[in-house]
Amino acid sequence: MDNSEEQKHIQENNGFARIEPYTHPAGGWGALLSVARNLKRQDILGKGSITLLNINQPTGFDCPGCAWPEKKDAHAFNFCENGAKAVAFEATSKTVTPEYFAGHTVSWLSEQSDFFLEDLGRLTDPVRYDAATDKYVPISWDDAFKLIAQHLHALDNPDQAAFYTSGRASNEAAFLYQLFVRSFGTNNFPDCSNMCHETTSVGLLDSIGLGKGTVTLEDFDVADAIFSFGHNPGTNHPRMLGTLREVSKRGGNIIAINPIKERGLERFQDPQAPLEMMTNGSTPISRYYFQPKIGGDYALMLGMLKHLNEWDKKALASGKPSVFDRNFIAVNTVGFDEMIAEIERTEWADIYKHSGLSPEHLEKLAKLFLESERSIFCWGMGITQHRHGTANVHMLANLLLARGQIGRPGAGLCPVRGHSNVQGDRTMGINELPSPKLLDNIDRVFGIKSPRKNGHGVVETIKAMAEGEVKVFIGLGGNFAVATPDTPYTQEALRKCNLTVHVATKLNRSHLVCGKDALILPCLGRTEIDEQLHGPQAISVEDSMSNIHLSAGRNAPISDNILSEPDIVARMAEAVLPDSQIKWKWYIESYDRIRDSIADVFDEFHDFNLRVYKPGGFHLEHPANQHIWNTKSGKAQFMITPLSEVYADKENQYAAAYTDSKVYTLMTTRSHDQYNTTLYGLDDRYRGVFGQRRVLFMNQADIDEAGFEANQWVDIESVFSDGVKRIVHSFRIVPYNIPRGSLAAYYPETNPLVALSSHDKYAKIPASKSVPVILHPGNAPEHFNLATAVAPEDADKKVSSL
Ligand SMILES: Nc1nc2c(c(=O)[nH]1)N[C@H]1C(S)=C(S)[C@@H](COP(=O)(O)OP(=O)(O)OC[C@H]3O[C@@H](n4cnc5c(=O)[nH]c(N)nc54)[C@H](O)[C@@H]3O)O[C@H]1N2
Ligand SMILES: Nc1nc2c(c(=O)[nH]1)N[C@H]1C(S)=C(S)[C@@H](COP(=O)(O)OP(=O)(O)OC[C@H]3O[C@@H](n4cnc5c(=O)[nH]c(N)nc54)[C@H](O)[C@@H]3O)O[C@H]1N2
Ligand SMILES: [Mo]
């Protein structure tokens with residue numbers, strides 16, 4: 001079959017699924033059309049636009065989409081296409097009621113796609129799993145909390161329970177949650193951060209003393225250059241494109257470092273800029289685009305430093321000023337000479353080999369950095385989700401520190417966070433490795449004795465459940481069974497629990513992977529009015545740049561029988577800890593009281609209520625900007641790992657020695673129509689993929705070499721040193737602009753390939769972006785199967801019927 005025949009054949013056999021290169025800029029009319037379509041689908045056209053007008057406004061609610069900060073001088077619209085989708089899916093009129101559960105067994109629901117489950121709508125009542133009928137049945141709130149208390153009291157010790165948090169939980173909910181869990185007696189706080197930016201938190205703690213970014217939006221107004229490492233703002237942080245567009249318009253450099261050519265990083269049409277829309281014009285975003293191999297960033301950054309070092313030597317020899325900021329280094333840092341010594345020991349050949357960049361490109365990149373006096377480094381999952389994620393973050397900090405570019409206007413570190421309050425949850429003490437200072441403060445304010453033993457993160461929790469050491473799993477939001485690696489192993493581990501509990505807005509697969517007892521506790525969403533004794537309550541969140549502000553919903557709650565997250569936590573605490581001196585219910589009467597206690601525990605939250613009610617809230621200063629370094633040495637620390645250690649770890653050695661077939665490196669990433677495990681649709685517009693998700697992006701030369709063809713179906717098998725067979729079936733090859741040896745496919749379908757043991761050494765983040773895989777010729781998907789998580793045919797039907 002030639003290509004066009006094959007295309008026709010595929011189209012006939014797969015409805016309207018198609019591959020069609022996207023030639024327009026990101027954003028623009030396509031984004032607006034998509035918003036309208038999603039509002040219609042969720043049946044909220046009237047309600048939707050009222051809701052959207054309130055997003056990110058001083059008196060409205062914080063967008064549950066992402067953690068990018070709002071501009072202070074916000075005009076009427078301060079949301080993006082994907083934020084609008086997140087809101088539409090939350091503010092939907094569709095519901096999953098007890099009557100619905102009465103008509104459908106959990107086994108039947110388990111066979112439906114994730115897309116189908118999400119599309120059922122909002123959960124309206126608390127329900128308990130009944131094994132006899134294999135159905136969820138109604139339960140009163142009081143009985144639900146009694147059941148939780150029974151199970152928790154039956155444990156041998158509090159460490160047999162784990163308390164997960166997904167990053168949407170508000171500061172108020174998170175604060176009460178950690179207080180409850182520590183009063184109960186454990187630090188087992190697996191958190192979505194453990195799969196996301198934990199390497200950032202751990203790496204920056206080593207380097208600059210606090211695991212948060214150092215810049216604010218104002219810094220973007222005066223930066224010379226923005227270096228964008230491994231993130232895809234066009235899809236995941238669309239409002240950030242507005243910021244980048246401004247930088248680009250005033251002549252600032254934007255330099256993208258990404259194995260894939262992402263449309264949003266190339267061109268952007270701002271739906272908020274009428275002139276651009278009317279003329280169909282667009283702004284080029286990146287002036288420079290470098291495409292390293294997957295995982296090549298560490299070598300690339302080491303190479304940048306090696307160039308700087310060589311130029312520095314030349315400069316000094318000819319009596320010119322140093323290219324490093326020698327004064328800053330002497331006053332503020334330790335470890336510079338050791339770092340330089342390691343860099344001098346590293347061979348250029350190894351740097352080129354591991355980065356995948358040519359000598360010319362690497363030199364150009366280093367030059368761009370040399371020429372920028374004010375650089376902002378932005379990064380996302382392409383940096384963090386590697387076995388060397390923490391080392392990557394150290395290297396980002398090394399580069400800026402070497403040039404004194406932290407604490408200077410227009411320069412600094414900018415991790416681009418995911419969930420809208422993931423940073424705030426950590427600030428509030430959701431941390432499996434709490435500092436003694438935090439625990440002392442909690443104990444002082446509440447008169448409790450917090451446990452001192454470190455707890456489990458995500459990876460350890462899964463292992464502990466599998467080994468029977470953790471028997472109760474409670475999740476405040478999220479979709480643990482699908483977001484985590486090694487899907488079959490993880491789901492089996494959850495099933496072994498005596499009790500699984502999920503506090504949630506929408507039905508998802510985790511609710512169907514039940515322990516012996518299981519509860520779903522439905523909660524209010526951000527868009528809804530949270531009425532308590534003292535009137536409607538606002539919650540607070542912290543964005544990616546450490547701004548704290550309020551959020552209050554305006555819609556009537558979807559049901560009378562749902563509770564707010566803080567209320568659920570407080571009632572659970574009351575039931576589990578009858579002797580507790582903490583006035584749990586009193587806190588719920590007015591969340592101002594929770595904020596007063598937060599102010600008592602954390603110095604930086606002094607006068608919390610006073611400051612947070614001001615429009616825009618307040619900003620938490622990063623001590624590094626005052627050159628205060630809360631590290632072990634009291635200075636900023638240059639941290640270096642030898643290249644050989646980074647690239648010759650156990651798994652890479654195993655992959656390199658694997659002789660049966662060619663081993664590629666697979667990244668597992670997001671499409672445009674998804675929010676983590678939530679699928680809004682089946683298109684990945686900017687990458688030209690429509691109506692399907694089971695695709696594998698591959699370099700044409702690799703396709704040719706392997707004897708494959710475009711559109712051919714393949715099975716993907718990962719190769720890890722533990723020898724366990726992990727395979728997913730039926731992915732269609734899409735030729736793509738991606739380096740040789742690198743592949744990309746969507747998460748969560750590919751999560752069964754990620755070995756639980758393949759994680760960053762320090763932060764333990766699963767290495768979802770560096771999965772060693774081999775490919776086998778395969779067949780078109782036949783039917784839905786759990787290991788592959790999504791049934792494309794089934795989901796196709798749902799979308800095409802719109
Ligand atoms: N619409 C929408 N918004 C979201 C989310 C969502 O799912 N949908 N998720 C939210 C969450 S929780 C998060 S954490 C963020 C995630 O936002 P991102 O950090 O953008 O995460 P990914 O979509 O996984 O994209 C990773 C990017 O890194 C690149 N990449 C992969 N491997 C490498 C590498 O080795 N080196 C480099 N330099 N680049 C690499 C990929 O090509 C891709 O462009 O978005 C948040 N916002
Ligand atoms: N292979 C691979 N795996 C990954 C990643 C990857 O790039 N590749 N990314 C990782 C990352 S960055 C992250 S952050 C995790 C995400 O992991 P999670 O945070 O666990 O997953 P989400 O899909 O964001 O959770 C969605 C669910 O949250 C619930 N929900 C939504 N809004 C609310 C609310 O307001 N309150 C409550 N209580 N519940 C709510 C809904 O029931 C919804 O189904 O996945 C990680 N897993
Ligand atoms: Mo994330």
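As the structure is a computational prediction, the values presented were derived from the model and not from experiment.

Draft legend 1. Expanded view of the overall build of the protein. Of the regular secondary structure elements, the protein holds 35 helices and 33 strands. Counting all 802 residues of the protein, 65% fall into the buried class. At a minimum sequence separation of 6, the contacts of the protein that also span at least 24 residues come to 78%. Accessible area for the protein stands at about 28,300 Å²; split by element, carbon and sulfur atoms hold 53% of it.

Draft legend 2. Quick peek at the layout of surface pockets. Of the volumes computed, that of the largest pocket is approximately 1,600 Å³. What lines the largest pocket is a set of 45 residues, among which Leu 205, Leu 210, Gly 211, Asn 431 and Ser 435 lie closest to the centre. At 5 residues, the largest contribution of residues to the lining of the largest pocket is made by helix α10 (residues 198-208). Grouping the constituent residues of the lining of the largest pocket by class yields 15 nonpolar, 17 polar and 13 charged.

Draft legend 3. Highlighting the site of ligand 1. Neighbouring ligand 1 are 30 residues, the closest being Glu 262, Gly 295, Asp 297, Gln 674 and Asn 676. Taking Asn 236, its side chain carries an N or O atom lying 2.8 Å from an oxygen atom of ligand 1. Side-chain polar atom of Asn 258 to an oxygen atom of ligand 1: 2.7 Å apart, as the coordinates give it. For ligand 1, the accessible surface in isolation is 920 Å², of which the surrounding protein chains cover 99%. Breaking the shell around ligand 1 down by element, the ones donating at least two residues are α12 (233-236), α21 (381-384), β25 (664-669) and β26 (674-675). For the shell around ligand 1, a count of residues per class yields 9 nonpolar, 17 polar and 4 charged. Summarising the domain contributions, the shell around ligand 1 has at least three residues from each of domain 3 (198-418) and domain 4 (649-777).

Draft legend 4. Structural view of the pairing of strand β33 (residues 771-777). Buried residues dominate β33, accounting for 5 of its 7 residues. Summarising the sheet, β25 and β33 pair through 3 bridges and their orientation is antiparallel. Note that in β33 the partner of Thr 665 across the bridge is Pro 772.

Draft legend 5. Just the sheet that holds strand β17 (residues 499-504), in detail. In spatial order, the strands read β6-β5-β18-β17-β16-β7; together these 6 strands make up an open sheet with mixed pairing. Each edge of the sheet is formed by a strand with only one pairing partner; in this case those strands are β6 (135-138) and β7 (161-165). Across the sheet, the mean angle separating the axes of adjacent strands is 20° when strand polarity is ignored. In the packing of helix α9 (residues 171-184) onto the sheet, contacts are made with β7 and β16 (472-476), and the angle to β7 comes to roughly 170°. Relative to β16, helix α28 (residues 565-576) is tilted by about 150°, and along the sheet it contacts β16, β17 and β18 (517-522).

Draft legend 6. Up close: the site of ligand 2. Close contacts around ligand 2 come from 29 residues, with Tyr 164, Ala 483, Glu 565, Thr 677 and Asn 751 the closest. One nitrogen or oxygen atom from the side chain of His 419 is found 2.9 Å from an oxygen atom belonging to ligand 2. In isolation ligand 2 exposes 920 Å². Once the protein is present, 96% of that is buried. Residue composition of the shell around ligand 2, by class: 11 nonpolar, 13 polar and 5 charged. Each of domain 2 (95-196 + 421-606) and domain 4 (649-777) contributes no fewer than three residues to the shell around ligand 2.

Draft legend 7. Highlighting unusual backbone geometry. In this structure, Pro 748 follows Tyr 747 across a cis peptide bond, with omega equal to 10°. Among the secondary structure elements, Pro 748 is positioned in the loop between β32 (742-746) and β33. Unlike most non-glycine residues, Asp 486 shows phi in positive territory, near 50°. Positive phi outside glycine occurs at Ser 730, with the angle close to 65°. Among the structural elements, Ser 730 can be located in strand β31 (residues 726-735).

Draft legend 8. Geometry of the nonpolar core. Of all hydrophobic cores here, the largest spans 64 residues; its most connected members are Ile 148, Leu 152, Phe 180 and Leu 521. Examining the composition of this core, we find that 8 residues originate from one element, α9, more than from any other. Setting aside its immediate chain neighbours within four residues, Leu 152 contacts Ala 161, Phe 163, Phe 180, Phe 184, Val 472, Ile 474 and Val 576. Listed in part, the 55 residues of the second largest apolar core include Ile 208, Leu 302, Met 395 and Phe 638.

Draft legend 9. Geometry of the sheet that holds strand β8 (residues 225-229). What the 5 strands build is an open sheet, ordered β12-β9-β8-β14-β15; its pairing is parallel. The outermost strands of the open sheet, each flanked by one partner alone, are β12 (288-290) and β15 (412-415). Geometrically, the sheet is characterised by an average inter-axis angle of 15° between neighbouring strands, direction not taken into account. Two strands pair when backbone bridges link them, and strand β9 (residues 253-257) and β12 are joined in this way by 3 bridges, in the parallel orientation. Residue Ile 257 lies in a different strand from β12, and its bridge partner there is Phe 290.

Draft legend 10. Quick peek at the pairing of β16. Taken across its 5 residues, β16 has 5 buried, putting it largely inside the fold. Alignment of β7 against β16, held across 5 bridges, turns out to be parallel. Opposite Thr 165, over in β16, you have Leu 476 as the bridge partner. Across 5 bridges, β16 lies against β17 in parallel orientation. Within β17, the position partnered with Phe 473 by the bridge is Thr 500.

Draft legend 11. Spotlight on the side chain of Asp 715. Among the secondary structure elements, Asp 715 is positioned in strand β30 (residues 713-718). Here His 729 takes part through its side chain, which lies 3.1 Å from a polar atom of the side chain of Asp 715. Polar side-chain contacts of Asp 715 include one of 2.9 Å to the backbone nitrogen of Ser 730. Not counting the four nearest positions on each side in its chain, Asp 715 is found in contact with Ile 727, Val 728, His 729, Ser 730, Ile 774, Leu 775, His 776, Pro 777 and Gly 778.

Draft legend 12. Main features of the packing of α9 against α28. The contact between α9 and α28 brings their axes to 8 Å, and the two run at 15°. With respect to their mutual orientation, α9 and α28 come out roughly parallel. Seen along the crossing, α9 lies across α28 with a hand that is left-handed. Touching Ala 173, Leu 176, Tyr 177, Phe 180 and Phe 184 of α9 are Glu 565, Pro 566, Val 569, Ala 570, Met 572, Ala 573 and Val 576, all from α28. Here the contact of α9 with α28 is built from residues that sort into 11 nonpolar, no polar and 1 charged.

Definitions and limits used
- Residues numbered from 1 in each chain as written.
- Chains lettered and ligands numbered in written order.
- Predicted model: local features only at pLDDT ≥ 70, side-chain atom pairs only at ≥ 80, totals over all residues.
- Heavy atoms only, no water.
- Helix = DSSP H or I, 4+ residues; strand = E, 2+ residues; numbered from the N terminus.
- Buried < 20%, exposed > 50% of the residue type's maximum accessible area, 1.4 Å probe, protein only.
- Contact = heavy atoms within 4.5 Å.
- Areas by Shrake-Rupley, 256 points an atom, 1.4 Å probe, with all protein chains shown as cover.
- 1 Å grid on protein atoms, 1.4 Å probe; cavity = no way out; pocket = protein on both sides within 12 Å on 5 of 7 lines; lining within 4 Å.
- Points joined across faces, edges and corners; volume = space filled by probe spheres on them.
- Nonpolar A, V, L, I, M, F, W, Y, C, P; charged D, E, K, R; others polar.
- Near = heavy atom within 4 Å.
- Polar contact = N/O pair within 3.5 Å; in protein donor to acceptor, adjacent residues only side chain to side chain.
- Domains from an automatic or database assignment.
- Pairing = 2+ DSSP bridges.
- Axes fitted to C-alpha atoms, helices over the stretch in contact; angles between N-to-C directions.
- Core = buried A, V, L, I, M, F, W, Y, C linked by side-chain atoms within 4.5 Å.
- Parallel < 35°, antiparallel > 145°, perpendicular 65-115°, else oblique.
- Left-handed = near helix turned anticlockwise from the far one by under 90°.

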